[in-house]
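Chain by chain, the residues:
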Amino acid sequence: MNTLDLKKLKLELALNAKSGIDFIISAAMVWGAIAYIWTLPKEAYSKSILTFYVGITMLPLALLLSKILKTKWTTKTNPLQPLGMWLNLAQLFYFPFLFFILRDNPDYFVMTYVIITGAHFFPYAWFYDEIGYAIFAGIIAVGALVVALNVTVGDMYFVPLYMVLCLLVLTVWLLISNKRKRRSANAGLIKDLGSVT
């Protein structure tokens, strides 16, 4: 497979899935709810457990948004398609560290969760040929640490709020980028993409 063929396959995935924008918007909504949880007058351990429960809603929300935004999660003829799921599952291997933080230092659980979530965006820069994912992986991971180091443990809700802000900016980035990619594809600059919705 040559470089041009690979680029076409990645472009097909990016256009069909709109570079995963349904997941990014869903994540912004979930992290908004998590920010609210961290304002509650509960101990950090309880807020951490609630954070996990709220996180479960992300996939159903993304599915609903995919219907509204008309994104396609699967492109059966594209051999790169299965890689998207593998990249998403990769973040689960960071969860032992998250559980360690939950047990020993739950005040910093939400920061750790934000860092893991943000860092897992990095390989999507290659998958969708979208540099925004690489940039925001760094901005989210480093920024969450900076925010957490500069607020009290009682104000940790600023960390998920920071995540929401980053996700909203990334959403705008992806909207602009996808319009540009679609214009290029429609103008015939990259041919033979197959059926792209």
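Residues numbered from 1 in each chain as written. Predicted model: local features only at pLDDT ≥ 70, side-chain atom pairs only at ≥ 80, totals over all residues. Heavy atoms only, no water.

Participant: Please clarify how the pattern of salt bridges should be interpreted in this entry.
Facilitator: A pair can form between side chains of opposite charge whenever their charged atoms are brought close. Following the criterion strictly, the structure yields four salt bridges and no others. Two residues, Asp129 and Lys10, come together in a salt bridge whose shortest N-O distance is 4.0 Å. Within this pair, whereas Asp129 is found in the loop between helix H8 (124-127) and helix H9 (131-149), its partner Lys10 is found in helix H1 (residues 3-17), the two being separated by 119 residues in sequence. With a closest N to O distance of 3.3 Å, Lys181 and Glu130 form a salt bridge. With Lys181 in helix H10 (residues 158-186) and Glu130 in the loop between H8 and H9, this pair connects stretches of sequence that are 51 residues apart. By relative accessible area, Lys181 is classed as buried at 14%. Within this structure, Lys7, Lys10 and Asp129 form a network of salt bridges that share partners. (Salt bridge = Lys/Arg side-chain N within 4 Å of Asp/Glu carboxyl O. Helix = DSSP H or I, 4+ residues; strand = E, 2+ residues; numbered from the N terminus. Buried < 20%, exposed > 50% of the residue type's maximum accessible area, 1.4 Å probe, protein only.)

Participant: Teacher, can you tell me more about a nonpolar patch on the surface here?
Facilitator: A cluster of nonpolar side chains, Met85, Trp86, Leu89 and Leu92, forms an exposed patch at the surface whose accessible area comes to about 460 Å². Assignment of secondary structure puts Leu89 in helix H5 (residues 81-89). (Patch = residues over 30% accessible without salt bridge, like charges linked within 9 Å, V, L, I, M, F, W, Y side chains within 5 Å. Areas by Shrake-Rupley, 256 points an atom, 1.4 Å probe, with all protein chains shown as cover.)

Everything listed here is a matter of geometry and, on its own, says nothing about what the molecule does.
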